[in-house]
Amino acid sequence: MPLASVALDEARFLLNDVGATLYTNTVLLPALKKAYRELQQELADNGISTTREQSSALTLAANVTVLNASSTPVLPTDLLYPITLEEKLSGEADTQYISMREVEWIDNFTQTERLQVWAWLEGEIKLNGATGTTLVRIRYFKSLAAIVDGTTNIPIFDSETFLAARTASLAAAVIGANLEKAAVLQQDTSAALANLISTAVKGRQN
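Residues numbered from 1 in each chain as written. Predicted model: local features only at pLDDT ≥ 70, side-chain atom pairs only at ≥ 80, totals over all residues. Heavy atoms only, no water.

Some points on the overall build of the protein chain
Along the backbone of the protein chain there are four helices and nine strands. Secondary structure elements in the protein chain, listed N-terminal to C-terminal, are α-α-β-β-β-β-β-β-β-β-β-α-α. Expressed as lengths along the three principal axes of its C-alpha atoms, the size of the protein chain is roughly 65 × 35 × 30 Å. Out of the 206 residues belonging to the protein chain, those deemed buried represent 44%. Summarising the internal contacts of the protein chain: among those between residues at least 6 apart in sequence, 67% fall at separations of at least 24. Carbon together with sulfur atoms contributes 51% to the accessible area of the protein chain, which is approximately 10900 Å² in total. (Helix = DSSP H or I, 4+ residues; strand = E, 2+ residues; numbered from the N terminus. Buried < 20%, exposed > 50% of the residue type's maximum accessible area, 1.4 Å probe, protein only. Contact = heavy atoms within 4.5 Å. Areas by Shrake-Rupley, 256 points an atom, 1.4 Å probe, with all protein chains shown as cover.)

Here's the deal with the environment of L80
Of note, L80 is situated in strand β4 (residues 79–89). Between the C-alpha atom of L80 and that of Q41, which follows or precedes it by 39 residues, the distance is 9.4 Å. Among all residues touching L80, those that are not within four sequence positions of it are W120, F141, K142 and S143.

Some thoughts on the sheet that holds strand β3 (residues 66–67)
Pairing in this open sheet of four strands is mixed, and the strands run β3-β8-β7-β6 from one edge to the other. Only two strands of the sheet have a single neighbouring strand rather than two, namely β3 and β6 (101–102). (Pairing = 2+ DSSP bridges.)

Considerations on the packing of helix α1 (residues 4–14) against helix α2 (residues 25–45)
The contact between α1 and α2 brings their axes to 10 Å, and the two run at 105 degrees. As judged from the angle between their axes, α1 and α2 are roughly perpendicular. Counting all contacts with α1, which are made through A4, A7, L8, A11 and R12, the residues of α2 involved are N25, L28, L29 and L32. Of the residues contributing to the contact of α1 with α2, the split by class is seven nonpolar, one polar and one charged. (Axes fitted to C-alpha atoms, helices over the stretch in contact; angles between N-to-C directions. Parallel < 35°, antiparallel > 145°, perpendicular 65-115°, else oblique. Nonpolar A, V, L, I, M, F, W, Y, C, P; charged D, E, K, R; others polar.)

Let's talk about the environment of A20
Secondary-structure assignment places A20 in the loop between α1 and α2. On a C-alpha basis, the gap between A20 and D9 in space is 8.7 Å, while along the polypeptide they are eleven residues apart.

A look at the pattern of salt bridges
Under the counting rule described, the total for this entry stands at nine salt bridges. Between R12 and D9 there is a salt bridge, with its nearest N and O atoms 2.6 Å apart. Here R12 and its partner D9 are both found in helix α1, three residues apart, which amounts to about one turn of the helix. The partner of E86 in a salt bridge is R139, with the nearest N and O atoms 3.2 Å apart. One end of the pair, E86, is in strand β4; the other, R139, is in strand β9 (residues 134–142), with 53 residues separating them in the sequence. By relative accessible area, which is 35% here, R139 ends up partly exposed. (Salt bridge = Lys/Arg side-chain N within 4 Å of Asp/Glu carboxyl O.)

As for the nonpolar core
One recurring pattern in soluble globular proteins is that nonpolar side chains are buried together. With 30 residues, the main nonpolar core has L15, L32, L39 and L163 as its most contacted residues. Elements that contribute at least two residues to this core include exactly α1, α2, α3 (160–174) and α4 (179–205). Per element, the largest residue contribution to this core is seven residues, and it comes from α2. The residues contacting L15, other than those within four sequence positions of it, are Y23, L28, A168, A171, A172, K181 and L185. Among the nonpolar cores identified, the runner-up in size contains 16 residues, and L60, I125, V136 and I138 belong to it. (Core = buried A, V, L, I, M, F, W, Y, C linked by side-chain atoms within 4.5 Å.)

This is the structure we're talking about:
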């Protein structure tokens, strides 16, 4: 995995400051963090697999109607938003998980031994509640570990070009007040993002 320092060094090259006279790691780090968050969102929007995860089995007691950061059980801490949910009854084998149906609103559903449906509303998973204990697995888009400094590993393959260009573009606009250079660098950013997503999508298709 590439280090954050690789993106920072390349950003300095694009800003014509390889000696870090102005654009030190400390100065560039907020821009890199923003570029990294933007990339995570772009990957999630395009369904790229590097941002997907599956939870362990969550045991839900009878009549549980919501899953969030403070419920019992709690949602995974790195969950951005869910993709699919599967359920099984307590005591059933893992081969007996069945898909739940996503709906826009939990309303007028008769409660049974299974949850059957779910909705993603206000940052929570809303449920109809079951009459007994159920186990649920969540497939979801996740947030990645935050960048702390130049030694942080970036767990997105071949992302340095995008991160460097976007970091440099932000720095040119906000710190250097050079909107013309920022615009040129943003063109590099868009091209790098298109290539990154295209490569990832092709890999997923293969």
